[in-house]
Amino acid sequence: MHSGGTMKDLGTLGGDYAAAAGINNAGQVVGTSVVQKDASYPVSAFIYQNGVMSKLPGWSDDSSGAAAINQKGQVTGFAWDGGEKAFLYTDGSMRKLGSVGELLSWGTALNKLGQVVGHLGEPPDPVMFGFVYADGVMRDLNTLIDPALGWVVRDAVGINDAGQIAAWGCRGDECGGLLLQLASPVPEPRATAMLMAGLALLGLAWRSRKFSAAYRRA
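These figures come from a predicted structure and were not determined experimentally. (Residues numbered from 1 in each chain as written. Predicted model: local features only at pLDDT ≥ 70, side-chain atom pairs only at ≥ 80, totals over all residues. Heavy atoms only, no water.)

## Let's talk about the overall build of the protein chain
Broken down by element type, the protein chain carries 1 helix and 18 strands. For the protein chain, the proportion of its 218 residues judged to be buried stands at 44%. In the protein chain, the proportion of contacts linking residues at least 24 apart, taken out of those at least 6 apart, comes to 38%. Summing over all exposed atoms, the protein chain offers an accessible surface of approximately 10,800 Å²; the carbon and sulfur share of this is 52%. (Helix = DSSP H or I, 4+ residues; strand = E, 2+ residues; numbered from the N terminus. Buried < 20%, exposed > 50% of the residue type's maximum accessible area, 1.4 Å probe, protein only. Contact = heavy atoms within 4.5 Å. Areas by Shrake-Rupley, 256 points an atom, 1.4 Å probe, with all protein chains shown as cover.)

Below you can see the structure in the form of structure tokens.
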């Protein structure tokens with residue numbers, strides 16, 4: 001962690017390395033750490049606060065990882081449940097967010113409302129879809145957009161407090177960044193939908209094979 005012009009080693013949960021993935025304004029850091037010396041597995045989600053790294057409690061001791069933390073100290077990531085599944089950690093308890101169909105799910109980002117986004121499926125598997133979790137329900141983002149636009153949302157990587165979602169998607173061989181807008185920052189279950197007037201393609205487009213390669217490098 002870099003603060004005040006100095007770099008601080010956060011340590012590990014007992015293994016040889018750890019990777020930080022998110023930080024909030026309170027200086028709480030989350031990420032993933034190996035838990036045994038001279039091993040690369042198992043790994044566990046951690047939270048670093050008040051100078052101490054602690055294992056994030058979950059429903060499995062097999063494997064977990066944290067990806068993001070909001071200003072309330074809520075955390076999202078994945079934990080093992082016969083396969084990786086997204087979670088939302090709040091005030092000491094871990095909530096399973098489930099999945100859609102039989103796909104794996106990974107939480108990648110969340111906002112102050114506890115709305116979570118991520119992806120279904122595991123990279124570089126081409127069968128990947130972005131999701132949003134709100135009002136206790138996980139939804140494939142592709143069920144919330146107009147199919148006539150031709151876009152397939154493959155991953156969601158960020159969500160702000162206004163309900164804007166940064167995502168990746170493909171339309172034919174073109175793949176690139178997308179900006180999606182929830183109908184309401186605090187949507188009712190019946191009103192959770194995407195306003196496609198707020199859809200934008202950001203930057204350049206890549207061929208789908210390059211899109212998959214970007215996941216392999218991550």
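Structure's up, so let's keep going.
## Focus: the confidence of the model for the protein chain
The share of residues in the protein chain with pLDDT of 70 or more is 79%, and the mean pLDDT across the chain is 82. Note that residues 185–218 has pLDDT below 50 and, in this model, 74 contacts with residues that lie over four places away or in other chains. (pLDDT = per-residue confidence, 0-100.)

## Quick look at the sheet that holds strand β3 (residues 18–23)
Read from one edge to the other, the open sheet built from 4 strands follows the order β3-β4-β5-β6, with strand pairing classed as antiparallel. Two strands lie at the open edges of the sheet, namely β3 and β6 (52–55), each paired on one side alone. Strand-to-strand, the axes of this sheet are offset by a mean angle of 30°, without reference to chain direction. Bridging between β3 and strand β4 (residues 29–34) involves 5 bridges; their strand directions are antiparallel. The residue of β4 that forms the bridge with Ile-23 is Val-29. (Pairing = 2+ DSSP bridges. Axes fitted to C-alpha atoms, helices over the stretch in contact; angles between N-to-C directions.)

## Details of the pattern of salt bridges
Enumeration over the complete set of coordinates arrives at 2 salt bridges. With a shortest N-O distance of 3.8 Å, Asp-16 and Lys-37 are connected by a salt bridge. Of this pair, Asp-16 sits in the loop between β2 (6–7) and β3 while Lys-37 sits in the loop between β4 and β5 (43–49), placing them 21 residues apart in sequence. The class of Asp-16 is partly exposed, set by a relative accessible area of 41%. We note a salt bridge from Lys-96 to Asp-81, for which the minimum N-O separation is 3.8 Å. With Lys-96 in strand β10 (residues 93–98) and Asp-81 in the loop between β8 (75–80) and β9 (84–90), the pair connects residues that are 15 residues apart, well separated along the chain. A relative accessible area of 33% places Asp-81 in the partly exposed class. (Salt bridge = Lys/Arg side-chain N within 4 Å of Asp/Glu carboxyl O.)

## Observations concerning the layout of surface pockets
Within this model, the largest pocket holds a volume of roughly 310 Å³. At the level of elements, β3, β4, β7 (64–69), β8 and β11 (105–110) are the ones that each hand at least two residues to the lining of the largest pocket. No other element matches the 4 residues that β4 contributes to the lining of the largest pocket. Among the residues making up the lining of the largest pocket, the classes are represented as 11 nonpolar, 8 polar and 1 charged. (1 Å grid on protein atoms, 1.4 Å probe; cavity = no way out; pocket = protein on both sides within 12 Å on 5 of 7 lines; lining within 4 Å. Points joined across faces, edges and corners; volume = space filled by probe spheres on them. Nonpolar A, V, L, I, M, F, W, Y, C, P; charged D, E, K, R; others polar.)

## A look at the side chain of Gln-28
Structurally, Gln-28 is set in the loop between β3 and β4. At 2.7 Å, the side chain of Gln-28 and the side chain of Asn-24 are in polar contact. Only 2.6 Å separates the side chain of Gln-28 from the side chain of Gln-49, close enough to count as a polar contact. If near-sequence neighbours (up to four positions away) are discounted, Gln-28 is found in contact with Gly-22, Ile-23, Ile-47, Tyr-48, Gln-49, Ile-69 and Gly-73. (Polar contact = N/O pair within 3.5 Å; in protein donor to acceptor, adjacent residues only side chain to side chain.)

## Side note on unusual backbone geometry
Between Tyr-41 and Pro-42 the backbone carries a cis peptide bond, its omega angle lying at 5°. With respect to the helices, strands and loops of the structure, Pro-42 is situated in the loop between β4 and β5. In the Ramachandran plot, Asp-91 falls in the positive-phi region, its phi being about 50° despite a non-glycine side chain. Mapped onto the fold, Asp-91 is located in the loop between β9 and β10. Of note in this structure, Asp-135 is not a glycine but carries a positive phi near 55°.

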